[in-house]
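Single-letter residue listing:
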Amino acid sequence: MLGTAAFFAWMFCGVHPGLITQPNDALAAWVSDQYNAARNGAGLEYAHVTGRVEEVFVPPTAQLQALRRRVTGHPDHPERYILEAYGRRLNRGPDIAHYDIWLGSRGFFRQNLVGADGLIEDIVVRPGFSWSYLESSRHLNLVDLPANESPEGYNYQPRDHQIRGTLAGFAYGEFSITVPGAPLTLQTLAVDGDRW
């Protein structure tokens, strides 16, 4: 029921400042707590999360054939990897990637990925320093810059925001939705039977 409740709470959010109408003090307090926790990322520090992502999409036959025609005879074609993924999904089922994520305070994280191809990607980031190992290229990158500026292609810091945002969606549902530059504020909280 939390998903439905969170959806209705989201439906009443707007971009103008306002107050929470309090038909039920306990409910209003809970909604405010959830919204503030999602916005502040509470509970998304010093955690270890394990999960998997399954990719199942394969385009319709006509699109797949057109992709094959574009790639055939071009070993360096930029769409070759995606064609291989579609073929793998057709023959073996979904591509499954396994993740282990360790979160520290903001700006500190480790992400270990075993991709559908079985190759490992391991990234550790903290402010001013990161290291990564990519098994596909057997390449270890160490970046230690006091200005918090990484060389092109090695700036892993934005992943911190992406990882925490994705996990906030699991932890707080629609309460975690944000719109850059438009602060969302709950305008009205109404209760109708067991729905709000």
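Reference entry: report on the structure contained in this document. Fair warning: this is a prediction, and the values are worked out from it, not measured in the lab.

For the coordinates displayed, the defined rule picks out two aromatic pairs. Measuring from centroid to centroid gives 5.9 Å for tryptophan 30 and tryptophan 196, while their planes differ by 85°, and the two rings are edge-to-face. Placement of the pair is tryptophan 30 in helix α2 (residues 25–40) and tryptophan 196 in the segment after β8 (185–186), with a sequence separation of 166 residues. Here phenylalanine 57 and tyrosine 86 contribute two aromatic rings whose centre-to-centre distance is 6.0 Å and whose plane-to-plane angle is 75°, an arrangement assigned as edge-to-face.

Looking now at the pairing of strand β7 (residues 139–144). Where strand β6 (residues 129–134) and β7 come together, six bridges link them in antiparallel fashion. The residue bridging serine 132 from the neighbouring strand is asparagine 141, located in β7. With antiparallel pairing between neighbouring strands as the criterion, β6 and β7 make up a hairpin whose turn holds four residues, including arginine 138 at a positive phi of roughly 50°.

Within the largest apolar cluster, 22 residues are counted, with the highest numbers of intra-cluster contacts made by Val31, Leu103, Ile163, Tyr172, Phe175, Leu189 and Trp196. Ranked by the residues each element gives to this core, the list is headed by α2, at six residues. The next biggest cluster of nonpolar side chains, apart from the first, holds five residues, and it includes Leu64, Val71, Leu83 and Tyr86.

Turning our eyes to something else, we now look at helix α5 (residues 157–172). Taking 1.5 Å of rise per residue, the 16 residues of α5 would be expected to cover 22 Å, and the 23 Å separating its terminal C-alpha atoms lies within 8% of that figure. In the core, the buried residues of α5 are packed alongside α2, β2 (47–55), β3 (95–103) and β4 (109–114). Of the residues one or two after α5, glycine 173 is the one with positive phi, at around 55°.

So, about the packing of helix α3 (residues 61–71) against helix α4 (residues 80–92). Two quantities define a packed helix pair, namely the angle between the helix axes and the distance between the axes. Running from N to C, α3 and α4 point in directions that differ by 135°, and their axes come no closer than 10 Å. Between α3 and α4, the interaxial angle falls into the category oblique. Between α3 and α4 lies a crossing of left-handed hand. Along the contact surface, α3 presents Leu64, Leu67, Arg68 and Val71, while α4 presents Arg80, Ile82, Leu83, Tyr86 and Leu90.

Our next topic: the sheet that holds β4. In spatial order, the strands read β2-β3-β4-β5-β6-β7; together these six strands make up an open sheet with antiparallel pairing. The open sheet is flanked by β2 and β7, the only strands paired with a single partner. Strand-to-strand, the axes of this sheet are offset by a mean angle of 10°, without reference to chain direction. On top of the sheet, α5 reaches β2, β3, β4 and β5 (120–126); it is set at about 80° to β4, its chief contact.

Here is what the cut-offs are and how they apply
Residues numbered from 1 in each chain as written. Predicted model: local features only at pLDDT ≥ 70, side-chain atom pairs only at ≥ 80, totals over all residues. Heavy atoms only, no water. Phe/Tyr/Trp six-rings, centres within 6.5 Å; stacked < 30°, edge-to-face > 60°. Helix = DSSP H or I, 4+ residues; strand = E, 2+ residues; numbered from the N terminus. Pairing = 2+ DSSP bridges. Core = buried A, V, L, I, M, F, W, Y, C linked by side-chain atoms within 4.5 Å. Buried < 20%, exposed > 50% of the residue type's maximum accessible area, 1.4 Å probe, protein only. Expected span 1.5 Å × (residues − 1). Contact = heavy atoms within 4.5 Å. Axes fitted to C-alpha atoms, helices over the stretch in contact; angles between N-to-C directions. Parallel < 35°, antiparallel > 145°, perpendicular 65-115°, else oblique. Left-handed = near helix turned anticlockwise from the far one by under 90°.

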